[in-house]
Each structure stands twice: as C-alpha cells, then as structure tokens.
Amino acid sequence: MASTAQHRLAYGLLSPTLVLMILSGVIPFALVVYFSLHDTFAGEHYIWVGTTWYEQVLGSTEFHAALLRSLGFSILALAIQLPLGIYIALKLPVQGLLSKLYIIIFAIPLLMPVIVVGYIWKFLVLPKIGLLSEFVALLGWNYDLNDPVVVWITLILMNTWHWTSLVVLLCFAGLRTIPDAYYQAAAIDGAGRWAIFRHIQLPKLRLVLLIAGLLRFMDSFIIYTEAYVLARGGPGVSTNFLSLELIQTATIQFDLGEGGAMAVIYATIVVVVAWLFFSRIIPSQSMKSQEDT
Amino acid sequence: MNQRFSIVPVFYLAFLLIPLYWLLTMSFKPMKEIAGQLTLYPKSPTLNHYQVIFSDSSWYLGYLNATIYVLMNVAICLAAAIPAAYAFSRYHFFGSRSLFFSLLAFRMMSPAILLIPIVQIFSDLNLIDTYIAVALAHCFFNLPIAIWILEGFISSVPAELDELARIDGYNLATYFRKILLPEIAPGIAVAAFFCFLFSWTEVILSNALTTIDVKPIGAIMSRVSSVFTANVPILSAAGVLTLIPGILIVILVRRHLTRGFSMGRVD
C-alpha cells in the first residue's frame, strides 16, 4: 500500500486533470441531473418534481422506439464490422511498402470530420446524380430514399465505411504480437487454417477485440451528425436515434426536464456497457500489477 | 507467418476510396455538370469552388478557427494528461481504479448529453464565441483518451528508471524533462494526434459554443447546407480541404498509430 506522501503526490499530479474534468464534465453532468429532477419555465425558476420526468421518458413509446433503434444500429454495426475487420486484418501483408500504404489509406476515413462523412454519403445517393444510387439503378433496383430499409442500409454502409478500419488496425497490431514460433508449432502439428485462427490468433486478439468492441459500441450508439446530415431522422421517424431524439427535446423544444431525464438514462446505459468492457480490459493489463501490490 | 498475396485488402481499399473519389470529383465539377447528369469524372474541371473558399473569409477563417481551438485543446490536454498518466501508472492510490474508469466513462458520453449545461456554463463565464471555450469543452472526451494512451506508454518505461534518477539526485520535474518525456515521445505524439483528431471532427459542441468570430469549418458547412443542392460542389471542396490535416498527421505518426488506437495496450 502506498504511503500518505505518495498519495499526496499522486493527487497533486492529478489536480490539473481533475479541475478540467470537473469544469467540462462533472459540473455539466450534475446540471443535467438537476434539470432532470426539476421543472422549469424558460430556465428561470426550478421546481422539484422528483422522478416525474423519468416516469414520463421511461413510459414514452417514442423513447422506447429510439432506444431500440440505437441499440439495433449498434448491434448491426458490431456484427458487421468486427468480423469484417478481423478478416481484412488476417489478409493484410505483414510488411513492405504495400502494408504501409494500406495502413495510411485505411486510416483516412477515421480522420474525417463526421459532418463530411455525412455529406459524402449524401452525395453518393443523390437521386439521378449520385454514384451509388445510379449504380443500383443500373442493376435494375430503385434506390428509394423514402424507404426506411434503404436508408438503414445506407447508414450501416456509411458507418462500416467510416469505422471498420479501426477494427482492422487494432487486429493487425494484435496479430503482430504473436511469435513466429507459435505458427511453426502449429505447422508441425499439421493444424489447418481454421485451427490456427481458432486456437492461436483469436485468443491473442481477445484484448484488442474488447477495445474495438467498446469503441465501436460507444461511437455507433451515440451517432448523431452523420445520421442527421444523411437522413434527418427520416423517412418518418425510422432513423430517429437516441441522440437525435435527445437533441430535439433539449435544444429545439428546449424541454430541460425531459431532455435531462433522457440524457441521464442515456448516460447510464453508456456507462454500464463501458463498465462491462472495461472490467475485462483492465484487470488483464497494467492496472493488475498495481492491484496486486 | 508466410503469406500469399490476398485480394481482400484490395477490395476493401476500393470500398474506401470510391466515396473519397466521388467527393474529389464533385469538388472539381461545375454546378451545371452536377445538375445535368451523372458523370464519372469532371468533364470540364474547374477550381472555382476552391477559389470561392480561399477568397471568402467567412469560409477560410473556418479552417483557421478550428485549427486554433484544436491546437489549444491539444496543448491543454497534454499538459494535464502527462502528470496524471504518470500518477496512474506509478502510484496505487486510493480510488485509482474507479477514478480511471470514471474518466473513461466521460470519454464515452455523447456531446449531446452535456450540450445544454456546457453552453450555459460557458455563457455564464462570458466565454461564448471564444477559442478557449471550445478548447476547454473538448477536454471531457479528449483528456481521458490522452491519459489512457500515455498511461500505457509510461507503464512500459521500467519503474527502476525512476529509482535511478532519484539516486542521481533528480527531482520529479527534472526527471520528467530529462528522462521520461524523451522516453515516451512517441506516446506524446500519438496522444496529441488523437486529441487533434477528436477535436477536429467534433461539430455539435463547437457549433453551439460559437456564434460569429470563432465559427469552425464544420459549423459553416452545416449552415450552408440548408440551401442544399445548390451547394454540393462547394461543400465537396470544403470537405476535401478538411481531410488535409488528418492525412498529414497520419503519415507522421503512422508507426505508432495502432498502439494509440488500442490506448497503448496491444498485447
């Protein structure tokens, strides 16, 4: 166990971080909680209303629908992007110029402002003049942006385009940590490609896949800008995700109480899922040695 | 492992590049060509849209504004994250694990959740439409990332080095400057890269916290898009220009990129 002097030093080193996080994160979140427990008229006087807003949000069918849409979107994104990312990483050349080139180009979509990602895909599916919509028309299908299924497919394609590289890069790095001796041993045992993947590569990828899963879940679950640029929640409400619903309630209707309750519920889901991943990522790693000492 | 040439990455490369190619062609096509019919490449390429951006301060200042607050954010995050990451890496203090997780939890929160109170706080502080407001607001998601990445890098520096430095009479500040920082230089570069990335691509908060003088390019683009179709080519050109800083930096930190994405924990 560390001494008191060490404690003091540790907190001293942490103090700039704590001040910044309190200003930009803790106080704002405390205010959201405060809003969610009060009713207000134009932000002037606050009247305690207990859990009224929570009951209203949790009982609202629009909220349930938005939550289901967001969860569905995240699950679809993970189900497509994790296997695809692993597969591509397995097929990447290990070294050489080509390998370097792939990695640089793969990273480009990750570096784009989300709003630009939205525009790119919007331009790809413009009726009559979009590359993707016209290509699909050439195959004899109608790329109908009034069809919720088509819009969902476009959003998933966009998200896959934007983020699969993250999984690829992580898995590529994870695969590099496997010593050659493992593969030699597998070759002596006459292990097939699947056996190598199942018993050597996949176990080694466990940690990077957890990190990839965590980051992909979070970023798809909070998707806002790209989805808004592309579809504005439509057609109808078919792509009205949780964050769109939240921004709509909090900033456009300026409904602080309801928006606050929604934000707190939203944050709770995020934190619980993050914890599930985190508790599997960290104990196996550096913090473990500290817990032991 | 021996590997044969695989076509799979080539397909993926094409999937990534075609949409980028489309953005690029759109930015060089005159409006008439876009509205007319689908053309696979610009038949009569023009630089007009780029000219508009470079000659109109309400456009090009958007890039400058974003660059300024992003660089401020990177500087603030690194200055706070380096000592914090060192504390997490070296000391097992009370609450260290839950504090580490709480930081991560903030990284996971959508700007949408904290939007209203953040705008209120910065307007109470009279900081609306200033660079520092956006730079500080972006800390809640960037600072945890920077700490997490740096903690991984610092943990790979043997703690014996700390001991040796102390025996040699270095105090903590000299130790940081002379030994630790050069050791973890790649980690600092990667952390800076990720702070840059997330601050540069964020638009909800940076739009809400700025009104006139400090409007970043993303917010300018979203305002222009309300009269949509007429602006396809200029939005494309503006979009192409937003790619440049990211591409430059990725080439610089390429070797350490994957380690950064995994927050310093690859194996």
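Per chain, the residues get numbers from 1 upward, laid out in the order the sequence is written. Lettering of chains starts at A and numbering of ligands starts at 1, both following the order in which they are written. For a predicted model such as this one, the threshold for reporting local features is a pLDDT of at least 70, and the threshold for listing and counting side-chain atom pairs is 80 or more; totals across whole chains, interfaces and linings nevertheless cover every residue.

Peer 1: Can you walk me through the overall build of chain B in this structure?
Peer 2: Numbered from the N terminus, helices here are DSSP runs of H or I no shorter than four residues, and strands are runs of E no shorter than two. Within chain B one finds 15 helices and 0 strands. Taking the principal axes of the C-alpha coordinates as reference, chain B spans close to 75 × 60 × 30 Å. Contacts here follow a simple rule: the backbone-placed C-beta atoms of the two residues must lie within 7 Å. Considering only intrachain contacts with a sequence separation of at least 6, the fraction spanning at least 24 residues in chain B is 77%.

Peer 1: Any chance you could explain the overall build of chain A here in plain terms?
Peer 2: Along its length, chain A carries 13 helices and 2 strands. Its C-alpha atoms put chain A at 75 × 75 × 30 Å along the principal axes.

Peer 1: Honestly, the interface of chain B and chain A in this entry has me stumped. Any pointers?
Peer 2: The extent of an interface is frequently quoted as the accessible surface area lost upon association of the parts. The interface of chain B with chain A comprises 85 residues on the first partner and 84 residues on the second. In terms of residues, the side of chain B that touches chain A owes the most to one element, helix α1 (residues 8-28) of chain B, which gives 11 residues. When its residues are assigned to classes, the side of chain B that touches chain A shows 62 nonpolar, 18 polar and 5 charged. Residues were grouped as follows: Ala, Val, Leu, Ile, Met, Phe, Trp, Tyr, Cys and Pro as nonpolar; Asp, Glu, Lys and Arg as charged; and all remaining residues, including Gly, as polar.

Peer 1: Quick question: what am I supposed to make of unusual backbone geometry here?
Peer 2: Generally, phi is negative for residues other than glycine and the peptide bonds are trans, each holding for most cases. A cis geometry characterises the amide bond from G234(A) onward to P235(A), with omega recorded as -5°. Along the chain, P235(A) falls in the loop between α10 (225-231) and α11 (242-252). Notably, R232(A) is not glycine yet its phi reads approximately 50°, a positive angle. Inspection of the secondary structure puts R232(A) in the loop between α10 and α11. Phi is positive for N126(B), close to 60°, though the residue is something other than glycine. Three exposure classes are used, based on other C-beta atoms lying within 10 Å of a residue's own C-beta, which is placed from the backbone: buried for 20 or more, exposed for 12 or fewer, and partly exposed in between. Exposure remark for N126(B): the 9 C-beta atoms within 10 Å place this residue in the exposed category.

Peer 1: I would appreciate a short explanation of the packing of helix α3 (residues 61-91) of chain A against α1(B) in the present structure.
Peer 2: In a packed pair of helices, the relevant descriptors are the angle between the two axes and the axis-to-axis distance. Whenever a helix is involved, its axis is fitted only over the stretch in contact; in every case the axis is a line through C-alpha atoms, and angles between N-to-C directions fall within 0 to 180 degrees. It is at 8 Å that the axes of α3(A) and α1(B) come closest, and there the two elements cross at 125°. Here α1(B) runs oblique to α3(A), going by the angle between their axes. When α3(A) is examined against α1(B), the residues Y87(A), I88(A) and K91(A) are found in contact with a partner set consisting of V8(B), P9(B) and Y12(B). Split by residue class, the contact of α3(A) with α1(B) holds 5 nonpolar, no polar and 1 charged. Each angle is binned into one of four classes, with values under 35 degrees roughly parallel, values over 145 roughly antiparallel, values of 65 to 115 roughly perpendicular, and all other values oblique.

Peer 1: Sorry, what's going on with the nonpolar core here?
Peer 2: Note on soluble globular proteins: their nonpolar side chains tend to be buried together. All names here are of chain B. Connectivity within a nonpolar core runs through C-beta atoms within 7 Å, and the core itself is a set of buried Ala, Val, Leu, Ile, Met, Phe, Trp, Tyr and Cys residues. Membership of the largest hydrophobic core comes to 164 residues, with the highest contact counts inside it found for A81 and L150. Throughout, the edges of the domains are those of an automatic or database domain assignment. Of the residues that make up this core, three or more belong to each of domain 1 (1-46) and domain 2 (56-261). Residues contacting L150, with those up to four places away along its chain left out, are A81, I82, A85, I184, G187 and A191.

Peer 1: Which parts of the structure should I look at to understand the confidence of the model for chain B?
Peer 2: Parts of the prediction with low pLDDT should not have their coordinates interpreted in detail. Residues and elements named next belong to chain B. When pLDDT is averaged across chain B, the result is 87; 93% of the residues are at 70 or more. pLDDT measures the predictor's confidence residue by residue and takes values from 0 up to 100. The element-level mean pLDDT for chain B is lowest in helix α15 (residues 257-261), coming to 65, with helix α7 (residues 131-137) highest at 96. Model confidence for the complex: the whole-complex pTM is 0.88, and ipTM, which rates the interface, is 0.88.

Peer 1: Hey, could you run me through the domain arrangement of chain B in this one?
Peer 2: All names here are of chain B. Along its sequence, chain B is organised into domain 1 (1-46) and domain 2 (56-261). Distance from the C-alpha centre of domain 1 to the C-alpha centre of domain 2: 31 Å. Between domain 1 and domain 2, the residue contacts involve 7 residues of the former and 6 residues of the latter. Only α1 and α2 (31-36) provide two or more residues apiece to the side of domain 1 that touches domain 2. With 4 residues, the single largest contributor to the side of domain 1 that touches domain 2 is α1.

Peer 1: Explanation requested: the packing of helix α3 (residues 48-55) of chain B against helix α14 (residues 232-253) of chain B in the structure shown.
Peer 2: Residue and element names in this part refer to chain B. Interhelical geometry of α3 versus α14 gives an angle of 70° and a closest axis separation of 9 Å. Overall, the two elements α3 and α14 adopt an arrangement that is roughly perpendicular. The handedness of the crossing between α3 and α14 is right-handed. Side by side, α3 and α14 meet where H49, Y50, V52 and I53 of the first sit next to P233, I234, A237, A238 and L241 of the second. Here is the rule for handedness: rotate from the far helix to the near one, and if that takes an anticlockwise turn smaller than a right angle the crossing is left-handed, while a clockwise turn gives right-handed.

Peer 1: In this structure, what is going on with helix α8 (residues 180-188) of chain A? I would like to understand it.
Peer 2: For the α-helix, the turn length of 3.6 residues means that residues three or four positions removed from each other point alike. By the criterion of burial, α8(A) is predominantly exposed, with just 0 of the 9 residues buried. Backbone geometry just downstream of α8(A) places G190(A) in the positive-phi region, at approximately 70°.

Peer 1: Whenever I open this one, helix α7 (residues 148-176) of chain A confuses me. Can you help?
Peer 2: Between its first and last C-alpha, α7(A) extends 41 Å over 29 residues, near the 42 Å set by a 1.5 Å rise per residue. Bend at a residue means the angle formed by two fitted axes: the first through the 7 residues ending at that position, the second through the 7 residues beginning there. Maximum bend of α7(A): about 40°, positioned at W163(A). To estimate how far a helix should reach, multiply one less than its number of residues by 1.5 Å.

Peer 1: Just checking my understanding: could you explain the environment of G169(B) for this structure?
Peer 2: Among the structural elements, G169(B) can be located in the loop between α9 (160-167) and α10 (172-183). Along the backbone, G169(B) and R254(B) are 85 residues apart, and their C-alpha atoms lie at a distance of 37 Å.

Peer 1: How should the confidence of the model for chain A be read in this particular structure?
Peer 2: Averaged over all residues, the pLDDT of chain A is 87; the fraction at 70 or higher stands at 95%. Long-range and interchain partners of residues 284-293 of chain A, a stretch whose pLDDT sits below 50, account for 11 contacts in this model, where long-range means more than four residues apart.

Peer 1: How do you make sense of the environment of L205(B) when you look at a structure like this?
Peer 2: Residue and element names in this part refer to chain B. Summarising the element assignment, L205 is placed in helix α12 (residues 204-208). On a C-alpha basis, the gap between L205 and H49 in space is 27 Å, while along the polypeptide they are 156 residues apart. L205 has contacts with P111, L115, I118, V134, A137 and H138, leaving out every residue within four places of it along the chain.

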